Amino acid sequence: QAILSHDAWEEPISRDATKALLVGRNVLAVEGANEGGPAGLALQLEVDGKLVAVTDASWIGSAQASPGWRDAAFAAEGWTPVSVLGPVGAAELPW
């Protein structure tokens, strides 16, 4: 279930995803596109005021979407760790 769509990278946004969470295992999947220049993703998920997920070096990615990639049971074989360029607000980064 899509929670958020946004194409203005200059403007951070937030969304309440409470209604999309299921009892048990959930998956947080992001599909992005870039039209040139450096690209980045900054995301955090809070549940009941507690930070439970944040974009960091534990994330993996792929240039190609595999069948079922949004499903909780998806096995991300062949996907690779993302590159962490720095924190949001770092002087050398555009975001």
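Residues numbered from 1 in each chain as written. Predicted model: local features only at pLDDT ≥ 70, side-chain atom pairs only at ≥ 80, totals over all residues. Heavy atoms only, no water.

**Q** Can you break down the overall build of the protein residue by residue, with the values?
**A** What the protein contains, in helices and strands, is zero helices and four strands. Listing each helix as α and each strand as β along the protein from the N terminus yields β-β-β-β. Viewed in the frame of its principal axes, the protein has a C-alpha envelope of about 40 × 35 × 20 Å. When the 95 residues of the protein are sorted by exposure, 8% land in the buried category. (Helix = DSSP H or I, 4+ residues; strand = E, 2+ residues; numbered from the N terminus. Buried < 20%, exposed > 50% of the residue type's maximum accessible area, 1.4 Å probe, protein only.)

**Q** Explain the environment of glutamine 64 to me, and be specific about the residues and the numbers.
**A** Relative to the helices and strands, glutamine 64 is located in the loop between strand 3 (60–61) and strand 4 (80–81). Separated by 47 residues in sequence, glutamine 64 and alanine 17 have C-alpha atoms that sit 26 Å apart.

**Q** Tell me about the pattern of salt bridges, and please be specific about residues and values.
**A** Going through the model one piece at a time under the given rule, you end up with one salt bridge. The salt bridge involving arginine 70 is made with glutamate 31; its shortest N-O contact spans 2.7 Å. Of this pair, arginine 70 sits in the loop between strand 3 and strand 4 while glutamate 31 sits in the segment before strand 1 (44–47), placing them 39 residues apart in sequence. Of the two residues, arginine 70 and glutamate 31, both sit in the exposed class. (Salt bridge = Lys/Arg side-chain N within 4 Å of Asp/Glu carboxyl O.)

**Q** How would you explain the confidence of the model for the protein if you had to name every residue and give the values?
**A** This prediction gives the protein a mean pLDDT of 86; 100% of its residues lie at or above 70. Here strand 1 is the element of the protein with the lowest mean pLDDT, 87, and strand 4 is the one with the highest, 95. (pLDDT = per-residue confidence, 0-100.)

**Q** Describe the pairing of strand 1, naming the residues involved and giving the relevant values.
**A** The sheet contact formed by strand 1 and strand 2 (residues 50–54) spans four bridges and is antiparallel. Among the inter-strand pairings, leucine 45 is bridged to a residue of strand 2, identified as alanine 53. Between strand 1 and strand 2, which pair antiparallel in sequence order, lie two residues; one of them, aspartate 48, sits at a positive phi of approximately 50°. (Pairing = 2+ DSSP bridges.)

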